[in-house]
Amino acid sequence: MTEILAVAVITVLAVIAPGADFAMIVRNSYLHGRRTGLLAATGVAAGVLVHVTYTMLGVGLLIASSTFLFTVIKLTGAAYLVYVGVRTFRTRGELKVDLEQHTGLTPLAALRGGFLTNVLNPKTTLFVVSTFAQVVGPGTPLWQQAGYGLFMSLAHLLWFGVVAVFFSQERMRTAMLRAQKVLNKVIGSLLAGLGVSLAFAPSH
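Source: prediction; values computed, not measured.

### Thoughts on the overall build of the protein chain
Okay, so step 1: Tallying secondary structure elements over the protein chain gives 10 helices and zero strands in all.
Okay, so step 2: When the elements of the protein chain are put in sequence order from the N terminus, they spell out α-α-α-α-α-α-α-α-α-α.
Okay, so step 3: Counting only residues that meet the buried cut, the protein chain has 42% of its 204 residues in that class.
Okay, so step 4: Counted over contacts in the protein chain with a minimum sequence separation of 6, partners at least 24 positions apart contribute 88%.
Okay, so step 5: Taken as a whole, the protein chain presents about 10,800 Å² of accessible surface, with 72% of it coming from carbon and sulfur.

### Some remarks on helix α6 (residues 107-119)
Okay, so step 1: Its 13 residues give α6 an end-to-end C-alpha distance of 18 Å, which sits within 8% of 18 Å, the value for a rise of 1.5 Å per residue.
Okay, so step 2: Buried within α6 we find Ala109, Ala110, Gly114, Thr117 and Asn118. Down the axis of α6, the buried set is contained in an arc of 155°. They therefore lie on one face.
Okay, so step 3: Along its buried surface, α6 packs onto α2 (20-32), α3 (34-56), α5 (67-89), α7 (122-135) and α8 (142-167).

### As for the packing of aromatic side chains
Okay, so step 1: In the structure shown here, the tally under the stated rule is two aromatic pairs.
Okay, so step 2: Their ring planes at 90° and their centres at 4.9 Å tell us that Phe166 and Phe167 sit as a pair that is edge-to-face.
Okay, so step 3: Of the residues examined, Phe166 reaches a relative accessible area of 40% and is grouped as partly exposed.
Okay, so step 4: Overall, the relative accessible area of 16% leaves Phe167 in the buried class.
Okay, so step 5: One aromatic cluster in this structure is built from Phe22, Phe166 and Phe167.
Okay, so step 6: The ring of Phe89 has Lys185 lying over it, and the distance from NZ or CZ to the ring centre is 4.3 Å.

### Section: the nonpolar core
Okay, so step 1: Formed by 22 residues in total, the largest nonpolar core has its most connected members in Ile25, Val26, Tyr30, Phe160 and Val163.
Okay, so step 2: Elements with a minimum of two residues in this core: α2, α3, α5, α8, α9 (170-178) and α10 (180-200).
Okay, so step 3: Considering each element in turn, this core owes the most residues, seven residues, to α2.
Okay, so step 4: Once residues within four sequence positions are removed from consideration, Val26 is found in contact with Val163, Phe167 and Met176.
Okay, so step 5: One finds Val52, Phe127, Val136 and Met152 within the second-largest nonpolar core, a separate group that totals 11 residues.

### Focus: α5
Okay, so step 1: Taking 1.5 Å per residue as the helical rise, α5 with its 23 residues ought to reach 33 Å, and the 32 Å between its terminal C-alpha atoms agrees with that figure.
Okay, so step 2: Those residues of α5 that sit buried are Phe70, Lys74, Gly77, Ala78, Tyr80, Leu81, Gly85 and Thr88.

### Notes on the packing of α3 against α7
Okay, so step 1: In contact at an axis separation of 9 Å, α3 and α7 are set at 40° when each is read in the N-to-C sense. Classified by the interaxial angle, the pair formed by α3 and α7 is oblique. In this structure, the crossing between α3 and α7 has a hand that is right-handed. Residues Val48, His51, Val52, Tyr54, Thr55 and Met56 of α3 pack against Thr124, Thr125, Val128, Val129 and Phe132 of α7.
Okay, so step 2: A breakdown of the residues in the contact of α3 with α7 according to their chemical character gives seven nonpolar, four polar and no charged.

### Here's the deal with the environment of Phe160
Okay, so step 1: With respect to the secondary-structure elements, Phe160 resides in helix α8.
Okay, so step 2: According to the relative accessible area criterion, Phe160 is buried, its value standing at 0%.
Okay, so step 3: As for Phe160 and Ala45, which are separated by 115 residues in sequence, their C-alpha atoms are 8.8 Å apart.
Okay, so step 4: What Phe160 contacts, discounting residues up to four positions off in sequence, is Val15, Asp21, Phe22, Ile25, Ala41 and Val44.

Cut-offs applied
Residues numbered from 1 in each chain as written. Predicted model: local features only at pLDDT ≥ 70, side-chain atom pairs only at ≥ 80, totals over all residues. Heavy atoms only, no water. Helix = DSSP H or I, 4+ residues; strand = E, 2+ residues; numbered from the N terminus. Buried < 20%, exposed > 50% of the residue type's maximum accessible area, 1.4 Å probe, protein only. Contact = heavy atoms within 4.5 Å. Areas by Shrake-Rupley, 256 points an atom, 1.4 Å probe, with all protein chains shown as cover. Expected span 1.5 Å × (residues − 1). Arc of directions from axis to C-beta. Phe/Tyr/Trp six-rings, centres within 6.5 Å; stacked < 30°, edge-to-face > 60°. Lys NZ or Arg CZ within 6 Å of the ring centre and 35° of its normal. Core = buried A, V, L, I, M, F, W, Y, C linked by side-chain atoms within 4.5 Å. Axes fitted to C-alpha atoms, helices over the stretch in contact; angles between N-to-C directions. Parallel < 35°, antiparallel > 145°, perpendicular 65-115°, else oblique. Left-handed = near helix turned anticlockwise from the far one by under 90°. Nonpolar A, V, L, I, M, F, W, Y, C, P; charged D, E, K, R; others polar.

Laid out in structure tokens, this is it:
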């Protein structure tokens, strides 16, 4: 019971902490609408399962004990965040999205964006690996470990689904579209800043 409570608390705190996934869902939702935001949220949840899978297979423990491997993952994720941040920051002009004509991101692009954001997110890597390292022992059944992983993924889906619904409301979306240039620079700076800070953060 203590393990379950620990996983629940750590997961909730990790999920609601603002990061690259939050910025990406917000931007996709207000620019491209609720459907795109929800698909991106689904991609984020699927990305969590990638980290859960390799952690359950023992690779997570190897990363946790190897400075070199973790550094490679950290720098790859940091570079991706900086790339997305700079690209968002440099977006010029207003992006007009006609939801009635189904323009904007395709469903596959929305899913892929959410998936890659969390697959290459060092924050998610740290969250999953550290949580399993703290609550999972040699005697923990595989079904229980899988349950923890599914809960982590579902928590991401529910939270970012709520974020997508909120920021895709017509009134909220209209207001954010009007401030689009400023928002792009703020979100871009946030993503690039996260990437740079992660790149220079200690590996352990």
